[in-house]
Amino acid sequence: MANLQPIQLTTGEREYFPGVQQIKYEGPASDNPMAYRYYDEHKVVAGKTMREHFKFAVAYWHSFCGTGGDPFGAATKNFPWLTSQDPVGQARDKMDAAFELITKLGLPYYCFHDFDLIAEGDTLAENEKRLQAIGAYAGEKMKASDVKLLWGTANLFSHPRYMNGAATNPDFAVVAHAGAQVKMALDLTMQLGGENYVFWGGREGYQSLLNTDMKRELDHMARFLHLAKDYARSQGFKGTFFIEPKPMEPSKHQYDFDSATVVGFLREYGLDEDFKLNVEVNHATLALHSFQHELQVAANAGMLGSIDANRGDYQNGWDTDQFPNNVYEITEAMLVILENGGLQGGGVNFDAKTRRNSTDPEDLFYAHIGGIDTFARALLAADAILNSSEYRRLRRERYASFDSGDGQAFEAGKLDLKALAGIAATQEAPAVRSGKQELFENILNRFV
Ligand code: XUL
Ligand code: CO
């Protein structure tokens, strides 16, 4: 980084959630809304503690920067950590509030975009100075609290310069600016010991093919990702890079549409050694998939890295980013995650926001407690389904005809199409075999 005059920050004293004590596990019988009923961080399930299974992370942007503004109305949340007019003072207050919430929840991680931490300035040099200042403060807070950085990322979508994309912008000047910004975000992530680095496509996509050279834009995106990866590796970064698929919003067509699209892209451009996927619930449903489908596609490719926890709304078609509360949905997800042997490098980041009319600071606690308990309960259910029910056996039995004889030979690649046809000619007409979907659903319901 350039030689800049450092901005000095001092540690704040203020308590932002004064009525809230340390959130503890009290068990399912508890009626205390400020306690965990299922998340017992030390409880061992399937060989790991709950803390290790989830690596829960608080998302800086929704919880500390989002104030409830929407296209129809102004901000509703007067968060006291956002009142300072001085960007550096505001960043410090925000970080004090963030670390108070994270430590009171007892969570091990957080995630940020560069300009969640501190407001973006007018020039790259000013931004570098600001990020250095808040980076130093974050380092102190992390050391004092033992909270770690699950991943960092750069906001390459809010500023008007990125309205036509960042790495895929048709103007090279914008691509270069995005490169400078990613370099700074990578430096900051590495400085803070970040375990991973995320690329969500932002505005990498297009609105109309009439003015878009799609092939060229995709080539540029891959080139850009290679440059970022090569730089971070040259600086000793050992973590994983994640791509976060999303089908639409803000662009009509997003280049990272879904897990299958991203897996294909990473393989086509030789990025599959270093990159895995960060799968988000509401992005999956926007792509008209289920969350568990998207997780399984990533798992099949050996690329199930991390997840962004939230949920969509059954009645509309945009990214509502609500806190997860659907135990059934998350149990199906945990089945995939457990059978995958866990997440590769990542964890569970609450990319979720309280509703616009949830205006009390403690609503942030209810939201996280609910989401955390949803996952904990789902883990217990999924573990029981896998280990104490007929679920695995019933699924395996559906494929039993491939375990021996001709079916096994087919799997092993020992039959050609003629041989397959010959087998069909000599056998009886295939029987009608039930898929027993309702039985499988009942098993799930028995444990949820
Ligand atoms: C947007 C989204 C982002 C990424 C990080 O829908 O999910 O917040 O998670 O850029
Ligand atoms: Co996300």
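Residues numbered from 1 in each chain as written. Chains lettered and ligands numbered in written order. Predicted model: local features only at pLDDT ≥ 70, side-chain atom pairs only at ≥ 80, totals over all residues. Heavy atoms only, no water.

Peer 1: Please provide a residue-by-residue account of the site of ligand 1, values included.
Peer 2: Surveying the vicinity of ligand 1 reveals the residues W61, H113, W200, E244, K246, E280, H283, D308, D319 and D351. Contacts to ligand 1 include E280, whose side-chain N or O atom sits 2.8 Å from an oxygen atom. Here ligand 1 loses 94% of its free accessible area of 290 Å² to cover by the protein chains. Within the shell around ligand 1, the residues separate by chemical class into two nonpolar, two polar and six charged. (Near = heavy atom within 4 Å. Polar contact = N/O pair within 3.5 Å; in protein donor to acceptor, adjacent residues only side chain to side chain. Areas by Shrake-Rupley, 256 points an atom, 1.4 Å probe, with all protein chains shown as cover. Nonpolar A, V, L, I, M, F, W, Y, C, P; charged D, E, K, R; others polar.)

Peer 1: Help me get a handle on the packing of aromatic side chains, residues and values and all.
Peer 2: All chains considered together, the criterion is met by 27 aromatic pairs. Taking 5.1 Å as the distance between ring centres and 80° as the angle between the ring planes, the aromatic pair formed by F17 and F365 counts as edge-to-face. Placement of the pair is F17 in the segment before β1 (24-25) and F365 in helix α12 (residues 363-388), with a sequence separation of 348 residues. By relative accessible area, F365 is classed as buried at 0%. Aromatic side chains Y391 and F440 sit 6.1 Å apart centroid to centroid with 80° between the ring planes, which places their arrangement in the edge-to-face category. One end of the pair, Y391, is in helix α13 (residues 391-398); the other, F440, is in helix α16 (residues 437-447), with 49 residues separating them in the sequence. F440 matches Y391 in its accessibility class, with the two residues each being buried. An aromatic cluster of three or more residues is present, and its members are Y16, F17, Y60, F64, F79, W81, F99, Y110, F112 and F365. (Phe/Tyr/Trp six-rings, centres within 6.5 Å; stacked < 30°, edge-to-face > 60°. Helix = DSSP H or I, 4+ residues; strand = E, 2+ residues; numbered from the N terminus. Buried < 20%, exposed > 50% of the residue type's maximum accessible area, 1.4 Å probe, protein only.)

Peer 1: A description of the pattern of salt bridges should follow, citing residues and the corresponding values.
Peer 2: Taken as a whole and judged by the stated rule, the model has 19 salt bridges. Between R395 and E339 there is a salt bridge; the shortest N-O distance is 2.9 Å. Highlighted residues: R395 in helix α13 and E339 in helix α11 (residues 327-339), separated in sequence by 56 residues. Relative accessible area serves as the criterion here: at 31%, R395 is assigned to the partly exposed category. (Salt bridge = Lys/Arg side-chain N within 4 Å of Asp/Glu carboxyl O.)

Peer 1: Could you give an account of the pairing of strand β8 (residues 196-200), naming the residues involved and the relevant values?
Peer 2: Counting buried positions along β8 gives four out of five residues, so the element sits mostly inside the fold. Relative to strand β10 (residues 240-244), β8 runs parallel, the two sharing five bridges. Residue pairing in the sheet places F199 in a bridge with I243 of β10. (Pairing = 2+ DSSP bridges.)

Peer 1: Give a description of the coordination of the cobalt ion (ligand 2) that names residues and reports values.
Peer 2: Every protein donor of the cobalt ion (ligand 2) is listed here as E244 (OE), E280 (OE), D308 (OD) and D351 (OD), and their distances to the metal cover 1.9 to 2.1 Å. Each of the six donor atoms around the cobalt ion (ligand 2) contributes to a set of angles spanning 80 to 172°, which defines the coordination as octahedral. Donor residues for the cobalt ion (ligand 2) sit on one chain with the sequence pattern E-x35-E-x27-D-x42-D. In this pair, E244 is assigned in strand β10 and D308 in strand β13 (residues 304-308), connecting sequence segments 64 residues apart. (Donors = N, O, S within 2.8 Å, 3.2 Å for Na, K, Ca; no water. Tetrahedral: all angles 85-135°; square planar, octahedral: opposite > 155°, others 65-115°.)

Peer 1: Would you mind going over the nonpolar core in detail, with residue names and values included?
Peer 2: Y110 and F199 are the most contacted members of the largest nonpolar core, which totals 125 residues. Per-element accounting of this core gives the leading share, 12 residues, to α12. (Core = buried A, V, L, I, M, F, W, Y, C linked by side-chain atoms within 4.5 Å.)

Peer 1: Report on the domain arrangement of the protein, specifying residues and quantitative values.
Peer 2: Quite often, the size of an interface is put as the accessible area lost when its parts meet. Each assigned domain of the protein is listed with its residue range as follows: domain 1 (24-388) and domain 2 (391-447). Between domain 1 and domain 2, the contact holds 11 residues from the first and eight residues from the second. Of the roughly 910 Å² buried where domain 1 meets domain 2, counting both sides, 61% is carbon and sulfur surface. When the buried surface of domain 1 facing domain 2 is broken down by residue, Y328, E339 and I385 rank first, second and third, together holding 57% of it. Applying the counting criterion to the domain 1 and domain 2 interface returns two salt bridges. On inspection of domain 1 and its partner domain 2, the count reaches three residue pairs in polar contact (both at pLDDT 80 or more). Looking at the side of domain 1 that touches domain 2, the elements with two or more residues in it are α11 and α12. Counting residues per element, the side of domain 1 that touches domain 2 draws most heavily on α12, which supplies six residues. The class makeup of the residues in the side of domain 1 that touches domain 2 is six nonpolar, three polar and two charged. (Domains from an automatic or database assignment. Contact = heavy atoms within 4.5 Å. Buried area = accessible area lost by both parts, 1.4 Å probe.)

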